[in-house]
Amino acid sequence: ETVIAVYDYWAVYKTTHMVKIFKGLAESKVYFTLIIPQNFKSLFKKINLVSPDIEFMFLGAGDIALPAILVVSCLQINLLTALITALGTILGFILLYIIFINREERKPMPGLPFIVLGTLIGFLFSFLI
């Protein structure tokens, strides 16, 4: 996961190919993302009016799937480890969301580094309990 988080950072900020792929899909109104509104009112907006530039955060499918794989794998250890790892994932997402909505300029940013950080901290913390 750490290697993929570094790749996500690189793909968004350095090569920008991930941004180009997303923009191409967004222009076609094809989203492989979780669309998160900035406020409750926006929750009921029609999908054809949704834009990544205003009121919404788009979280890629990989940003959800990769941490979920680790959480599910933790079930082989025990349920508590999986739950604490999942909590770390959620906290990583919350950190990402707070940073994203407080940015002055809405530019794409990699989600995986924050979410993976939370996931790994949750996973490591589970061994202290």
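Criteria and thresholds
Residues numbered from 1 in each chain as written. Predicted model: local features only at pLDDT ≥ 70, side-chain atom pairs only at ≥ 80, totals over all residues. Heavy atoms only, no water. Axes fitted to C-alpha atoms, helices over the stretch in contact; angles between N-to-C directions. Helix = DSSP H or I, 4+ residues; strand = E, 2+ residues; numbered from the N terminus. Parallel < 35°, antiparallel > 145°, perpendicular 65-115°, else oblique. Left-handed = near helix turned anticlockwise from the far one by under 90°. Contact = heavy atoms within 4.5 Å. Nonpolar A, V, L, I, M, F, W, Y, C, P; charged D, E, K, R; others polar.

Asks: I'm lost on the packing of helix α1 (residues 2–14) against helix α5 (residues 112–126) in this one. Help?
Replies: Two quantities define a packed helix pair, namely the angle between the helix axes and the distance between the axes. Two elements in contact, α1 and α5, have axes separated by 8 Å at closest approach and are oriented at 160°. Considered as vectors, α1 and α5 are oriented roughly antiparallel to each other. Where α1 crosses over α5, the handedness of that crossing is left-handed. Seen from α1, the contacting residues are Thr2, Ile4, Ala5, Asp8 and Tyr9; seen from α5, they are Leu112, Pro113, Val116 and Leu120. Here the residues of the contact of α1 with α5 sort into 7 nonpolar, 1 polar and 1 charged.

Asks: Please clarify how the packing of helix α3 (residues 61–73) against helix α4 (residues 79–101) should be interpreted in this entry.
Replies: Orientation of α3 relative to α4, taken along the N-to-C sense of each, is 160°, at an axis distance of 8 Å. It follows that α3 is roughly antiparallel to α4 by the angle criterion. As α3 packs across α4, the resulting crossing turns out to be right-handed. Of the residues in α4, those touching α3 at Pro67, Leu70 and Val71 are Ala82, Thr85, Ala86 and Thr89. In the contact of α3 with α4, the residues fall into 5 nonpolar, 2 polar and no charged.

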